[in-house]
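Examination of the molecular architecture
What follows is each chain in one-letter form.
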Amino acid sequence: MPLWKIYHPPGAFSIEQKKAIAEKITGIYRALPRFYVGVIYQEVPESSFYVGGEPADDFVRIWVDHIARQFGSEEIKARFLAAVGRILEPYLAERNLRWEMHIDETPFDLWTIQGIRPPKPDTEDEKRWIVENKPSLPTPQPESRP
Amino acid sequence: MPLWKIYHPPGAFSIEQKKAIAEKITGIYRALPRFYVGVIYQEVPESSFYVGGEPADDFVRIWVDHIARQFGSEEIKARFLAAVGRILEPYLAERNLRWEMHIDETPFDLWTIQGIRPPKPDTEDEKRWIVENKPSLPTPQPESRP
Amino acid sequence: MPLWKIYHPPGAFSIEQKKAIAEKITGIYRALPRFYVGVIYQEVPESSFYVGGEPADDFVRIWVDHIARQFGSEEIKARFLAAVGRILEPYLAERNLRWEMHIDETPFDLWTIQGIRPPKPDTEDEKRWIVENKPSLPTPQPESRP
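In this report, the structure presented in the accompanying data block is examined. (Residues numbered from 1 in each chain as written. Chains lettered and ligands numbered in written order. Predicted model: local features only at pLDDT ≥ 70, side-chain atom pairs only at ≥ 80, totals over all residues.)

**What about the pairing of strand S5 (residues 59-66) of chain A?**
The two faces of a sheet get side chains in turn, since along a regular strand they alternate between them. Residue and element names in this part refer to chain A. Taking burial as the measure, the eight residues of S5 include six buried ones, the bulk of the element. Relative to S5, strand S1 (residues 3-8) runs antiparallel, the two sharing five bridges. Counterpart to Tyr7 in the pairing with S5 is Arg61. In the sheet, S5 pairs with strand S6 (residues 98-105) via eight bridges, with the strands oriented parallel. If you follow Ile62 over to S6, its bridge partner there is Met101. In the classification by handedness, the crossover that spans S5, the intervening helix H2 (residues 74-94) and the parallel S6 is right-handed. (Buried ≥ 20, exposed ≤ 12 C-beta atoms within 10 Å, placed from the backbone. Helix = DSSP H or I, 4+ residues; strand = E, 2+ residues; numbered from the N terminus. Pairing = 2+ DSSP bridges. Right-handed = clockwise from strand over helix to strand, strands pointing away.)

Structure, rendered in structure tokens:
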């Protein structure tokens, strides 16, 4: 669900760092199946990366879509954004990289994994997805009767 | 309008397959001008692609923006998502690729093609765009009077 | 805040043109700190770019996220979209490129720069960010009392 897209200068991160960052980002989403968390890195050369109209060779731009959950309160938003900062800043400070991120929230009902519509939050099916760390067909529901 | 972005492992699809998938995706949107449907493929090497914190060389991540239409009902959503699955699964199964997709719906009023704001759904102008399969200026409207 | 992603055929723009377009785009957002405006160009080869199911070597697809401000009226939307057209069309016409763009508006509260949540529109803090053209910590607020 969360899809992270990280645009960065060529060579800004080693493969080991990219994996470490992806692991730590995954760790933020404790309530979710781990495989929900996707992270894609993309190198952008200075000639294709502009901030304020100036070419940028020191800028990391992060774009995130959240699908599985929406933030319920200002307090949770602030805590989440601070946690992201704590994860990223050591890697960014090391190379004196500037950074910016923003998150969008997109419709839960327009989302599939392996063609399956993921279980609703905090259901038994979601708990199974967390434990098994992979998608599976929903538990058949008893026919509801009026 | 629909913009499809397909992130995939290098070499996951041949050019012929990429074209075939794009044609089939275009075919889902029967009510729209064909040229509304954009599909962009992007290779992501394993060292830049993480799922659940693990590097992924077998994962296809699809991100879609819908602009021209919004889904009206749960039934239509379910049918659409199932149709997408039927199109993609043969290509994905062939190479044992995992996949995930999500769709966002973005504002109709913040969209242009060739600098023209597309006609509203099911108008005469939209019918002309469908028939001609290209954008054209709107039919002049008689001045509305109070 | 506005993040522009410009997908284009390889070689469609020179570096000088890419910089010039980024500068002009930045200029549209007069009310904002210049460094809010990010522009990322990405080449897409014909074999990965499809419009209406056909491979495209003459298409520019622009995707924009607006965060700092939302459009207040239809008149402002129309004026903004027209201004974008005036900027881009000379570059596109020169090479006979077709183009399409769409904008999404994403939550102000889910956005950070250098780990700092940007100041609200038209505040003293935002004015300072404009003048200094870089982020800085918010002015401490007097404790509000019930």
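**Quick word on the packing of helix H1 (residues 15-28) of chain B against helix H2 (residues 74-94) of chain B**
Residue and element names in this part refer to chain B. The contact between H1 and H2 brings their axes to 10 Å, and the two run at 170°. One way to sum up the angle between H1 and H2 is to call them roughly antiparallel. On H2, the residues that touch Gln17, Ile21, Lys24, Ile25 and Ile28 of H1 are Ala83, Val84, Ile87, Leu88 and Tyr91. Along the lines of polarity and charge, the residues of the contact of H1 with H2 split into eight nonpolar, one polar and one charged. (Axes fitted to C-alpha atoms, helices over the stretch in contact; angles between N-to-C directions. Parallel < 35°, antiparallel > 145°, perpendicular 65-115°, else oblique. Contact = placed C-beta atoms within 7 Å. Nonpolar A, V, L, I, M, F, W, Y, C, P; charged D, E, K, R; others polar.)

**Side note on helix H2 (residues 74-94) of chain C**
All names here are of chain C. In this model, H2 (21 residues) spans 30 Å end to end at C-alpha, consistent with the 30 Å of a helix rising 1.5 Å per residue. Along H2, the sharpest change in direction is near 40° and occurs at Leu88; proline Pro90 comes one to four residues later. Along H2, the positions that sit buried rather than exposed are Val84, Leu88, Tyr91 and Leu92. In this structure, the buried residues of H2 make contact with helix H1 (15-28), strand S5 (59-66) and strand S6 (98-105). A positive backbone phi angle near 60° is found at Asn96, which sits one or two residues after H2. (Expected span 1.5 Å × (residues − 1). Bend = angle between axes of the 7 residues up to and from the residue.)

**Digging into H1 of chain C**
Its 14 residues place the ends of H1 of chain C 20 Å apart at the C-alpha level, agreeing with the 20 Å of an ideal helix rising 1.5 Å per residue. Within H1 of chain C the residues assigned to the buried category are Lys18, Ile21, Ala22, Ile25 and Thr26 of chain C. Axial view of H1 of chain C: buried residues confined to an arc of 140°, hence all on one face. For H1 of chain C, the elements touching its buried residues are strand S3 (49-51) of chain A together with strand S1 (3-8), strand S2 (38-43) and H2 of chain C. (Arc of directions from axis to C-beta.)

**Here's the deal with the interface of chain B and chain C**
If you look at the interface, chain B gives 29 residues, while chain C gives 25 residues. For the side of chain B that touches chain C, the secondary structure elements donating two or more residues are H1, strand S2 (38-43) and strand S7 (111-113) of chain B. The dominant element in the side of chain B that touches chain C, judged by the number of residues it contributes, is H1 of chain B, at six residues. Of the residues that constitute the side of chain B that touches chain C, the class distribution is 13 nonpolar, eight polar and eight charged.

**A look at unusual backbone geometry**
Residues and elements named next belong to chain C. Backbone geometry places Asn96, a non-glycine residue, at a positive phi of 60°. Relative to the elements of secondary structure, Asn96 occurs in the loop between H2 and S6. Unusually for a residue other than glycine, Asp122 sits at a positive phi of about 65°. Tracing the chain through its elements places Asp122 in the loop between strand S7 (111-113) and helix H3 (124-132).

**Structural notes on the relation of the copies chain B and chain C**
Here the second copy of the chain follows from the first by a rotation about an axis and a shift along it. Of the transformation placing chain B onto chain C, the axial shift is 0.0 Å and the rotation is 120°, giving an RMSD of 0.0 Å. As the rotation angle and translation indicate, the two copies are arranged about a three-fold axis. Comparing interface residues between copies, only 3% of those in chain B also lie at the interface in chain C; the contact surfaces differ. (Least-squares fit on C-alpha atoms with pLDDT ≥ 70 in both.)

**As for the sheet that holds strand S5 (residues 59-66) of chain B**
Ordered by their spatial adjacency, seven strands build an open sheet running S7(A)-S6(B)-S5(B)-S1(B)-S2(B)-S3(C)-S4(C), and the pairing between neighbours is mixed. Each end of this open sheet is capped by a strand with a single partner; those strands are strand S7 (111-113) of chain A together with strand S4 (54-55) of chain C. Where H1 of chain B meets the sheet, it contacts strand S1 (3-8) and S2 of chain B together with strand S3 (49-51) and S4 of chain C, and its direction lies at approximately 145° from that of S2 of chain B. Its contacts with the sheet place H2 of chain B against S7 of chain A together with S5 and strand S6 (98-105) of chain B, and it is angled at close to 150° to S6 of chain B.

**Some thoughts on the interface of chain B and chain A**
On the chain A side, the residues contacting the 25 residues of chain B number 29 residues. Elements that contribute at least two residues to the side of chain B that touches chain A include exactly strand S3 (49-51), S5, H2 and S6 of chain B. Its residues placed into classes, the side of chain B that touches chain A shows 11 nonpolar, six polar and eight charged. Pairing between S7 of chain A and S6 of chain B: three bridges, direction antiparallel. Across the sheet, Ile113 of chain A pairs through a bridge with Glu100 of chain B, a residue of S6 of chain B.

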